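Notes for the structure review
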Amino acid sequence: MNSVYFYVLVMAAVTYLIRVLPLTLIRKQIKNVYIQSFLYYVPFVTLAVMIFPAILNATATTTSALIGFVIAVVLAYKGASLFRVSLFACVAVFLVEAFAL
């Protein structure tokens, strides 16, 4: 058997098992608070893990990206709107890159 086909077969089986096993093994509602909390935050963590490297590579320098990221996090934490967060982060990156030495 060619190794590429074997690898694809194993990947398909693992992906299928990850999606099917919870449906077959867990039939009733999950009442454990810790497991509910974990499952609630999984989509947010996954999205953050995918977006953060893109933030660092989206600008000319990593410094401007980090400054824009910090400003965005602070404004979002204080409850600013999505438009305001993105506007101020973009302006910060623009200013850092325009006046960088």
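Just above, that's the structure.
We now turn to the structure provided with this report. (Residues numbered from 1 in each chain as written. Predicted model: local features only at pLDDT ≥ 70, side-chain atom pairs only at ≥ 80, totals over all residues. Heavy atoms only, no water.)

**Concerning the overall build of the protein chain**
- When helices and strands are tallied, the protein chain shows four helices and zero strands.
- Secondary structure elements of the protein chain, listed N to C terminal, follow the sequence α-α-α-α.
- Taken over C-alpha atoms, the radius of gyration comes to 21 Å for the protein chain, far larger than the 13 Å a tight globule of 101 residues would show.
- Along the first, second and third principal axes, the C-alpha set of the protein chain runs to 55 × 45 × 20 Å.
- Here the protein chain holds 101 residues, and 8% of them are scored as buried.
- Residue pairs in contact within the protein chain that sit at least 24 positions apart in sequence constitute 33% of those at least 6 positions apart. (Helix = DSSP H or I, 4+ residues; strand = E, 2+ residues; numbered from the N terminus. Rg over C-alpha atoms; globule rule 2.2 N^0.38 Å. Buried < 20%, exposed > 50% of the residue type's maximum accessible area, 1.4 Å probe, protein only. Contact = heavy atoms within 4.5 Å.)

**A few points about the environment of Ala-54**
- With respect to the helices and strands, Ala-54 occurs in helix H2 (residues 33-57).
- Residue classification places Ala-54 among the partly exposed positions, given a relative accessible area of 45%.
- As for Ala-54 and Val-73, which are separated by 19 residues in sequence, their C-alpha atoms are 15 Å apart.

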